[in-house]
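Inside the fold
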Amino acid sequence: MMPSSGKINIAATAQRLDVDNRIPLRYYYRIADNILKQADIFRAEKNIIDLYVMLLRFSGLVSETIPSHRDYRASLQSQKIYLKKRLLNALNELEELKPAVIQKINELNRRYTYQSNSLQRSAVKNQSLTYLGMAKAVRPAAQELNYNGSRTQKFSYSKPMEEQFRRMSLNLLRPKEETLSKHSILGPNGLYGQWQPPKTNIQVQYPSNIDLTPIEFPSLQQPIENKLPGKSDHSNSETEASSTESTVTIDNFENSQKCHVDEPCPMISFEESETIPNITRQPSPPPVLAEVQDLVPAISPQVIEGDCRIDNPSTDGLVPSESPLQLHIATTMMESFMKLARSNTDRNLETCGVLAGSLKNRKFYVTALIIPKQESTSDSCQTTNEEEIFDVQDKKSLFPLGWIHTHPTQSCFMSSIDLHTHYSYQIMLPESVAIVMAPRDSSRKHGIFRLTTPGGMSVIRQCQKRGFHPHVQPPDGGPLYNTCTDVYMNPNLNFDVIDLR
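Keep in mind the model is a prediction, meaning the values are calculated, not measured.

Next up on the list: the packing of helix α13 (residues 416-428) against helix α14 (residues 455-462). Across the interface, α13 lies against α14 with an axial gap of 10 Å and an inter-helix angle of 115°. Between α13 and α14, the angle falls in the class roughly perpendicular. At the point where α13 passes α14, the crossing takes the left-handed sense. For the pair α13 and α14, the contacting residues are L419, H420, Y423, Q426 and I427 in the first and M457, I460 and R461 in the second. Taken together, the residues of the contact of α13 with α14 sort by class into five nonpolar, two polar and one charged.

Next up, the structure:
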C-alpha cells in the first residue's frame, strides 16, 4: 500500500476486480475463500491494516464483481446466502476496525514524512560538504586569501599552499633527495656541498620594513638584470656558485628595489625553469537533492542469476506495500521439477506443475509442487482434471501461488498461450508467478514472470483470441509481463512433491 509518494493508500489496494465471463463462476468463489483465508491469518497476526484491506477486497468482490457474472443468477441459492452472511460480517468488522486503522495509517505516514525529511536534509548536507571540499581542493576560500588588516597584522591564510598542492598531487611520486638538494638554497650540491666559512668582508643587512602583501608566483622567464650576480658566469667553480647563491648582499637588495612595480622581483632565482601546475578555477556546482525511495533503507539481498533473490530475514513485515507480497521458493524446487519432467523433455514434450503454499508474516512460501494429469505437445501443456488440484489445496489449506512448465525446444519467454494461462492464476491471487524452464536456452535457463498490472492484465482480459497470436501493447506503453523482483530463493525452505499423474 506504499505508492510512489511513499504514503499508505488504502484505495490503491482495494480497487474493484472486473469480471471476466470466460472464467467460471466457481473460480470467483475460490477467490473469495482465499481472501477470507488471508484475512484470518492477518487477524491472528494482529496485522489490522492488511486485515482491513482483505475485508475491503472481499466486500467489493461479493457485492460488485460476482453479481456481474453471467452465471450468477443461475447459481445455487445456498451459495448466495452464504456469501451474503460473510459479507455482513465483513462490513461489521470494517466499521469496528476503521478508527484503529486510520490512527495506524496516520502514525505510519507521520513517521515516513519525518524520516523522509531527515534523509533529505542529511543528503543535502552531505552534498554541500562534498562540493565544498571539492571547491577548497581547487582553490582556498576567498576569506582565506584576502588581507584586510594593517602591515603589522598577521596574514589570515589558514592553510599553507603546500597542503593545497599536496591534495592535488596525491598521485605524483615524491622527488628524490638528490633533486631536492639541487634546488635547495644551499646550492646545487645541497647538503653534500663543501662547507664554506662566512666571509667577514661582506655584511648582511635586512630590510627594516617587512611587506606582508600577498606573494605572487614569479614569472618563469626573468630578465637578465633580475638575476643575482654571478649567475651568468659559468666559468666559476661550483664552490663559488654555492657561496654566491647562499648569501644576499646589500647591493643585491638595493637592485631589487629598482624592479618594476607591475612585475615584482623574485625572491629566489632558479637556474633551471620548472613547470608550475596550471590551476583551473571554476565555480563549485550547486548541491543536488538526493532522491529518497524507501522509508527505511534495507540491506540489499544477494541476487541469483538476475531473476531471484536470497531471503532477507531483516524485514519486519509491519508496513504493507502496494506491490505484491514476497514469494519464497526453495532453491532445489526447479531442479526437482526438471527431474520429474525429464522423460517428457527427452521427447520434446512440455511438462507443467502447480505451485501452492502458505502465508506467514506477509510472505508467501511455496511448500507444495503438484504435478497434475496433463496433455502435452512440443509447445503446449494442458491439465485435464483441475478438481483434483483443488482438493489437494483445500485439504492442506494451501494458497494457489502459480505454475511452472518447460520449454523443451524453445527459449525462455512467455508465449501468448502462457499469458492466457497465467492470467487465470493471477486473477485468483496477484502474487502468483509463472516459472518457465528452458534447458536448451544457452543464455537463460529459467525465468520467473508475472503479468504487469494494470497493463498486461487488461490486454489479456480483453483479448478473445485462442492459440498462438500476437497481442497489442498495453495502453500505458509498458510490457505485457515482467521478470519478478519480489521472488526469493530460500535455501531453508522445504516443500512436498505431489504427483497426481
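The next subject is the side chain of D418. As for its placement among the helices and strands, D418 is situated in helix α13. For D418, which is buried and forms no salt bridge, the nearest opposite charge comes from R444, at a distance of 12 Å. Excluding anything up to four places from it in sequence, D418 contacts W403, H405, H407 and F413.

Here the focus is the environment of I31. Counting through the fold element by element, I31 comes out in helix α2 (residues 25-44). By relative accessible area, which is 3% here, I31 ends up buried. Taking the C-alpha atoms as reference points, I31 and L429, 398 residues apart in sequence, are found 7.4 Å from one another. In this structure, I31 is in contact with L17, L61, I427 and M428, ignoring residues within four places of it in sequence.

With that settled, the discussion passes to unusual backbone geometry. Cis geometry marks the peptide bond from T453 to P454; its omega dihedral reads 5°. Checked against the element boundaries, P454 lands in the loop between β10 (446-451) and α14. A positive phi angle is found at N361, which is not glycine, with a value near 55°. In this fold, N361 is placed in the loop between β4 (352-360) and β5 (363-371). Positioned with a positive phi, R362 is a non-glycine residue whose angle comes to about 65°. Mapped onto the secondary structure, R362 falls in the loop between β4 and β5.

Calculation notes
Residues numbered from 1 in each chain as written. Predicted model: local features only at pLDDT ≥ 70, side-chain atom pairs only at ≥ 80, totals over all residues. Heavy atoms only, no water. Axes fitted to C-alpha atoms, helices over the stretch in contact; angles between N-to-C directions. Helix = DSSP H or I, 4+ residues; strand = E, 2+ residues; numbered from the N terminus. Parallel < 35°, antiparallel > 145°, perpendicular 65-115°, else oblique. Left-handed = near helix turned anticlockwise from the far one by under 90°. Contact = heavy atoms within 4.5 Å. Nonpolar A, V, L, I, M, F, W, Y, C, P; charged D, E, K, R; others polar. Buried < 20%, exposed > 50% of the residue type's maximum accessible area, 1.4 Å probe, protein only. Lys, Arg positive; Asp, Glu negative; His and termini not counted. Salt bridge = Lys/Arg side-chain N within 4 Å of Asp/Glu carboxyl O.

Keep in mind these numbers describe shape, not what the thing actually does.
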